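Spelled out from the first residue to the last, the chains are:
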Amino acid sequence: MLNIGNKQTRVDGPQKVTGKATYTADIAAPFYHAYVLQSTIACGSITAIDTTAAEAFEGVKAIFTHLNLPERLKNKVDYTDPLAPPGKPFRPFYNNTILYNGQPIALVVAESFEQARYASKLIKVTYEEKKFKGSLAENLKNASADRAPEPAKNRGDFTKAFKNSDYTIIREYRQSRNYHNPMEPHATSVEYNSDGNIVVYDKIQGVASSLKYLKGVFGLGADSVRVKSDFVGGAFGSGLRPQYQLFMATLAALELKHNVQMVMTRAQMFSFGYRPEVIHTMKLGCSKDGTLTALSHKTVGETSTFEDFNETIVDWSGLLYKCDNVNLEYELTPVQSYTPLDMRAPGGVSGVYALECAIDELAHEAGIDPLEFRRKNYVDYDQNENKPFTSKELKACYARCEEVFNWNNRKSLAKTDPHLLLGYGMATGSWEALQQPASVALSMNEMGTFTIKCATADIGTGTYTVMSQIAADKLGVSLDKIKFKLGDTAFPDSPIEGGSWTVSSVGSAVAAICEKFQYRIFDVWKRNNPEYQAVAFEAISFQDAKLKYGSKTFAFTEIMQQASKDELSIAHSEAPADGQDTHSGYAHCCVMVEVTVDKELGIIKVPRLVNVSAAGKIINPKTAENQLLGSMIWGLGMALREEGMVDSRYGRVMNANFAEYHIAVNADIHDIHTEFVEEHDDKVNPLGAKGVGELGIVGLAAAISNAIFDATGKRLRKLPMLLDDVLEV
Amino acid sequence: MNTNPVHFTLNGKPVKISIEPWTTLLDYLRYHKKLVGTKKGCDHGQCGACTVLVDGNSVNSCLCLLVSLDGKDITTIEGIGTADNLSVEQQIFIEEDAYQCGFCTPGQICSTIAMRNRGEINSEEELKDWMSGNLCRCAAYKNLTKAARRIYKES
Ligand code: FES
Ligand code: FES
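Thresholds applied
- Counting restarts for each chain, with residues numbered from 1 along the sequence as it is written.
- Chains carry letters from A onward and ligands carry numbers from 1 onward, assigned in written order.
- For a predicted model such as this one, the threshold for reporting local features is a pLDDT of at least 70, and the threshold for listing and counting side-chain atom pairs is 80 or more; totals across whole chains, interfaces and linings nevertheless cover every residue.
- For the side-chain quantities, the full set of heavy atoms in the structure was used; hydrogens and water were omitted.
- Secondary structure elements are defined from DSSP: runs of H or I of at least 4 residues count as helices, runs of E of at least 2 residues count as strands, and each element is numbered from the N terminus.
- With the radius of gyration taken over C-alpha atoms, the globule rule is written as 2.2 Å times the number of residues to the power 0.38.
- Should any heavy atoms of two residues lie within 4.5 Å, those residues are counted as being in contact.
- Computed with a 1.4 Å probe, the accessible areas rest on the Shrake-Rupley method; for each residue, only the protein chains presented here act as cover.
- None of His or the chain ends enter the tally, which takes Lys and Arg as positive and Asp and Glu as negative.
- Every charge is mapped onto a representative atom, which is NZ of Lys, CZ of Arg, CG of Asp or CD of Glu.
- For the exposure calls, accessible area comes from a 1.4 Å probe over protein chains only, and a residue counts as buried if that area is under 20% of its type's maximum, exposed if over 50%, partly exposed in between.
- Only strands joined by at least two bridges in the DSSP assignment are considered to pair.
- pLDDT expresses how confident the predictor is about each individual residue, on a scale running from 0 to 100.
- Each cavity reported here is a set of points on a 1 Å grid over the protein atoms alone in which a 1.4 Å probe fits but cannot get out, each pocket an open set with protein on both sides within 12 Å along at least five of seven lines, and each lining residue one with an atom within 4 Å of a point.
- Grid points are joined across faces, edges and corners, and a volume is the space filled by probe spheres set on the points.
- For every domain, the bounds stem from an assignment made automatically or drawn from a database.
- Throughout, the ten residues Ala, Val, Leu, Ile, Met, Phe, Trp, Tyr, Cys and Pro are labelled nonpolar, Asp, Glu, Lys and Arg are labelled charged, and all others, Gly among them, are labelled polar.
- UniProt positions are given in the numbering used here, feature names are shortened, and annotations may be inferred rather than shown by experiment.
- Summed over both partners, the accessible area lost on bringing two parts together, with a 1.4 Å probe, is the buried area.
- Salt bridges, as used here, are contacts in which a Lys or Arg side-chain nitrogen is within 4 Å of a carboxyl oxygen on Asp or Glu.
- Between the N-to-C directions of two axes lies an angle of 0 to 180 degrees, each axis being a line fitted to C-alpha atoms and, for a helix, fitted only over the stretch in contact.
- Any pair of nitrogen or oxygen atoms within 3.5 Å is treated as a polar contact; in protein, a donor-acceptor pairing is required on top of that, and neighbouring residues in sequence qualify only through side-chain atoms on both sides.

The name given to chain B in an unreviewed UniProt entry is Xanthine dehydrogenase YagT iron-sulfur-binding subunit, and the organism recorded there is Leeuwenhoekiella palythoae.

As recorded by an unreviewed UniProt entry, chain A carries the name Xanthine dehydrogenase YagR molybdenum-binding subunit and is attributed to Leeuwenhoekiella palythoae.

**Describing the overall build of chain A**
In terms of regular secondary structure, chain A is built from 15 helices and 30 strands. Taken over the C-alpha trace, chain A has a radius of gyration of 27 Å; the compact-globule value for 729 residues is 27 Å, and the two agree within 12%. Summarising its shape, the C-alpha atoms of chain A cover approximately 80 × 75 × 50 Å along the three principal directions. For chain A, long-range pairs separated by at least 24 residues make up 81% of all intrachain contacts whose partners lie at least 6 apart in sequence. On chain A, roughly 26600 Å² of surface is accessible, and the fraction owed to carbon and sulfur atoms is 49%. Of the side chains in chain A, 76 bear a positive and 88 a negative charge, and the two mean positions are spaced by 1 Å.

**Remarks on the pairing of strand 21 (residues 540-543) of chain A**
All names here are of chain A. Along strand 21, the buried face is formed by I540 and F542; none of S541 and Q543, which line the opposite face, is buried. Bridge count for strand 21 against strand 22 (residues 546-549) is four bridges, and the pairing is antiparallel. Bridging across to strand 22, F542 finds its partner in L547. Between strand 21 and strand 22, which pair antiparallel and follow one another directly, the connecting turn spans two residues, one of which, D544, has a positive phi of 50°.

**Comments concerning the confidence of the model for chain B**
Averaged over every residue, the pLDDT of chain B is 97; residues scoring 70 or more account for 99%. Across the interfaces of the predicted complex, the ipTM metric reaches 0.98, alongside a pTM of 0.97.

**With respect to empty space enclosed by the protein**
A complete count under the given rule lists three cavities of 30 Å³ or more for this structure. Volume-wise, the largest cavity comes out at about 140 Å³. Lining of the largest cavity is provided by 14 residues; of these, F90(A), R241(A), P242(A), Q243(A) and Y338(A) occupy positions nearest its centre. For the lining of the largest cavity, the two domains that each supply at least three residues are domain 1 (24-131 + 182-265) and domain 2 (274-434 + 581-728) of chain A. By volume, the second largest cavity is sized at about 60 Å³. Lining the second largest cavity we find I633(A), W634(A), G637(A), E642(A), I663(A), A664(A), C136(B), R137(B), A139(B) and Y141(B). No other element matches helix 13 (residues 621-640) of chain A, which puts three residues into the lining of the second largest cavity. Of the residues contributing to the lining of the second largest cavity, the split by class is seven nonpolar, one polar and two charged.

**Some details on the UniProt feature "domain: Aldehyde oxidase/xanthine dehydrogenase a/b hammerhead" (unreviewed entry) in chain A**
The sites that carry the UniProt feature "domain: Aldehyde oxidase/xanthine dehydrogenase a/b hammerhead" (unreviewed entry) are, in the present numbering, residues 18-131 of chain A. In residues 18-131 of chain A, the share of helix is 11% and the share of strand is 30%. The end C-alpha atoms are 52 Å apart.

**Describing the domain arrangement of chain B**
Residue and element names in this part refer to chain B. Per the domain assignment, the segments making up chain B are domain 1 (4-80) and domain 2 (88-154). Here domain 1 and domain 2 have C-alpha centroids that lie 21 Å from each other. Taken together, the contacts link 16 residues of domain 1 with 16 residues of domain 2. Between domain 1 and domain 2, roughly 1200 Å² of surface is buried when both sides are summed, and carbon and sulfur atoms account for 64% of that area.

**Side note on the pattern of salt bridges**
All names here are of chain A. If you walk through the whole model with that rule in mind, you get 49 salt bridges over all chains. We note a salt bridge from D360 to R715, for which the minimum N-O separation is 3.0 Å. Of this pair, D360 sits in helix 7 (residues 348-366) while R715 sits in the loop between helix 14 (700-712) and strand 30 (718-719), and the two are 355 residues apart along the sequence. Residues joined in a network through salt bridges with shared partners are R171, D360, E361, E365, R715 and R717.

**Some details on the sheet that holds strand 1 (residues 4-10) of chain B**
All names here are of chain B. Pairing is mixed in the open sheet, where five strands are placed in the order 2-1-5-3-4. Of all strands in the sheet, those bounded by a partner on one side alone are strand 2 (13-19) and strand 4 (57-60). Along the sheet, successive strands turn relative to each other by an average axial angle of 40°, direction set aside. Along the sheet face, helix 3 (residues 105-118) touches strand 3 (51-54) and strand 4 and points at about 35° away from the line of strand 3.

**Here we look at the interface of chain B and chain A**
Counting residues at the interface gives 49 residues for chain B and 55 residues for chain A. Surface buried jointly by chain B and chain A totals about 4300 Å² across both partners, of which 57% is contributed by carbon and sulfur atoms. Per-residue buried area on chain B facing chain A is highest for Q100(B), R137(B) and Y141(B); these three make up 20% of the total on that side. Along the contact surface separating chain B from chain A lie four salt bridges. Across the pair R10(A) and D97(B) runs a salt bridge whose closest N-O atoms are separated by 2.7 Å. For the interface between chain B and chain A, the tally reads 26 residue pairs in polar contact (both at pLDDT 80 or more). Listing elements by their share of the side of chain B that touches chain A, those giving two or more residues are helix 1 (25-32), helix 2 (88-96), helix 3, helix 4 (124-131) and helix 5 (141-154) of chain B. Of the residues that constitute the side of chain B that touches chain A, the class distribution is 23 nonpolar, 12 polar and 14 charged.

**What about the sheet that holds strand 6 (residues 124-129) of chain A?**
Residues and elements named next belong to chain A. Here three strands make up an open sheet; going across it, the order is 4-2-6 and the pairing antiparallel. Each having just a single partner strand, strand 4 (97-98) and strand 6 make up the two edges of the open sheet. Pairing geometry for strand 2 (residues 44-50) and strand 4, over two bridges, is antiparallel. Along strand 4, the bridge assignment pairs G44 with I98.

**Regarding the side chain of Q627(A)**
Following the sequence through the fold, Q627(A) ends up in helix 13. Setting aside chain neighbours within four positions, we find Q627(A) in contact with R344(A), T461(A), V692(A), G693(A) and Q100(B).

Now the structure itself:
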C-alpha cells in the first residue's frame, strides 16, 4: 500500500499516549536544579546584590550573577545564534545593566527545585532606575525605517491612483502583543560526563542552533558537546532561537562539573520573545467596478533596545491581489522589552490581518460581495518579484469554500436566538513554500530495517511520521521497517524546524537518499548476478522489500548480504534545484466564518469556521489536517483572546500566566472544518509538497473581524476583539 | 526536615512513605518517583497538563499536597496502559490523532477517563466544558473532542 497521501496514525503515538515520550524536563539523571531570579525594574542598573542568605540556605550549590560571571565569557564571546536579528544579542549576567523587566539577574543552583526557588527569594537586589517609555504608543516618534529591512519595491504611482479612485478608505488597525506559550515550558537538561564533555537536552526547533550558541558563548568544541531534542512539547517559534535557560543550565553544569537542569516556570515563559505589537495604516482605492487601483500599507512594530527584530509584514499587501500602484513602508521602534521573536506565520499573520480587513472595508464601500471583490482582483503572478507562481489553486479554494460554507445563501441561514446577532466574514490566507538545504544519512541492517537520521525536529508537526511515510514508499517497504531519528547534533545537518519547510526540505532529502539507495541495491544485485548485467534500472521495481525484475523477486535482505559493510549506509545532501528562484512558491487558502454576538452582553462566539487550502501534495492528510485546524484555532485565539498586557509604567507583563493570558480552549471551538483542493506542483520541490503548519492562522483574524462587522455594523480594527469593544464602539 | 507519614496506592501498588508536607503530588511523581509522564505546564492549576486520577476523579496534581492523599488510590498515565498493552482510551487517542506535540496528552487522557467514570455528560457542550480544563496549545481540540466522545460512548 502506498503511504504517501495516506491518513497514517503517528508512529510516535504509542509513546505520546503512554507518557513515554521524553521531553527535555523528563530526562532522568541526578540533576542539580537551577532557578532564575528576575529583575523587577525595566531600565537602569543593579547597584548591589546580596546573596549571602541564599548561599547559606540548605541544598544551595552555587549562585551566579553579573558579579561572578567567569572572565572567559566576557571577552570576544559570540552570543549570536543563526536567527539573531541585527543588533547585540542579550548576554545574561554580562554586566549590571537592566534592559527589560523580568531579565534574569541571578541563577540559584540547588539540590532540589524547591530549594533553588526558595533561596532565590532570599537574594536582595538594589537598583538604580532610569526613566523609560514602556509601550509602542509612547515610542512612536522614535519609529524609523532605518532599523528595518526595506520592503518590496513600490510600484506605479500610488498617490495619483489613490486620488483618482472612485472609492477610497484610510484605516488604522492595531494588534497587541502575543506570547507563544507552548504547553511544555522551556527547559534544558545538561548531563556532565566524567570526561568533561556535556550532552545538552534542549527545547529547541533545531539542535544546530543550540550547538552554535554553545560553541560561540562557551567556546566548546564540536566533540565536547552534543545537543539532543527527541520530543518538543510545542514551540510555534519560541524554540527558533536558544532561550536563556540554555545558557543558565550550561553555565552551571560547566562551572559545577555536575548535571544541571533548568525548567522555566509559566510566568518565565513571558520573559523572552513574543509576537510584537504593531500598528498598520492602510490606504486603499478601487474603481466603481471593484478593481483595486491603489494600495498603501505602512506598519510600525516594536523591537527591543538591543536588537532590531523584523518581520515581512507589508510585502503581503503587494502580493495577494492584483494592484499596479503600491506603496509599502515598514518601521521599527525600540521599547524597553526583550526582543520579539518569530511566532507562527510571523509577519504574514500581521500583514494579512490588516490587508484582509481593509479589503473587506473597501468591498463594502464599493457595494460588492467580499468574495466577488477578491475574485475580481485575483492575481496569478507575484507582482512584488515579477515572477510566476510555482502553482496557485486559490480559485479552487474560493469555489470549494463557497460551496462548503454555503456562502451565497448565508443570509437566509437559520435565525437563532433573538438575543444574538449573526454575521459572516471571509478572508484569503497565504504562506511561503520554501525549501532549504538538508542532509540525511541512511543505513540498512540485516533484518532489512532502515534507519534514517537527520538533525531536524518534531515539534508536534508529525516529522517522525511523515518522513517514515516518504521513506517507506520510496524504498518499497512497510512503515515498520523505517526508523526515522531526529533531534541530535550527531546526525546530518537540517534547517531549523520553522517556516513550514520541514516536509519540503527534509522530506525531499529523504526521498532522494532512498532513491540513491535503490541504485545501491541494484548495483549489488547486478554484481552478484552476472546474468542480469545488462538489465537497466528502469526495468526493475522495488516492492514489499524486494527487488522485482520481470516475474522474479529478490529480497533486499538477501541481496544486501553480499554487500560490503560500507555499502549498507549512505549519506546525502539535498538543496533546492537550480533555477528554483525563477518562480515564487506559496500555499493559499480561503477561510469563512460565522460569528454570533450577544446584543446585550457583547459576547462573541464562532459557531462555524471553514478553511479550504491549496498546499501542493499532502503527504499525510491526518497530521496535515490536524496542523491546519490547530493554526486556525490560533487565528481564533489571536482574534478574540490573546493579549500580552504590559504595564507601561513598569515595562512588566501583567498577565504572565494561563489564567489571565487567555488562549483558545476546547469550549471555544465548535463546528470547524478544513480540507485541501488538488494542487499539482512540479516546481516547488521534488515532492511537490507545501507546508501547512502556518497557513491556517493567516487571514483568520480578519475573517472574524469582518464577520463581527457583518453582525454588528461595527469595525473593531484591533486585536484581540473583546466584548467590551463590541459594547463600547 | 519535618516529614509526615502518608500511605496510598500508586498505579495499583501500595506505598507508605514520610514526606515534607509541602510536596505536591506532581513533584512527588516527577521528582521522587521519576514518573515523568505527568507534566508540569503551569504549576498553578491553570492548564491541566498535570491531571491524574485520584479515586477515579481527575485532579490537578500540582494543586494537591501528597500528605492530603492518605488512603487514596492514585493512577497516572503510566498506570493506564503501556505501548505493548494500550488501554482503549490510549488506542482511541492514537486513532483520532487527538494530539500534536503530545505534551498535554497524558492529562487529557486522564480527564476523559474521569469524565466517563462520572457519567454526567448530557450534551456536546457539556463534554467540551469538561475537557476545557485541559489546555492544548497545539489546539488539537477537534480531534480531542472526537476522542473524548468515543471514550465516553464506547468504553
Ligand atoms: S501543571 Fe497543574 S494545572 Fe498546570
Ligand atoms: S498536543 Fe501539544 S499541547 Fe496538546
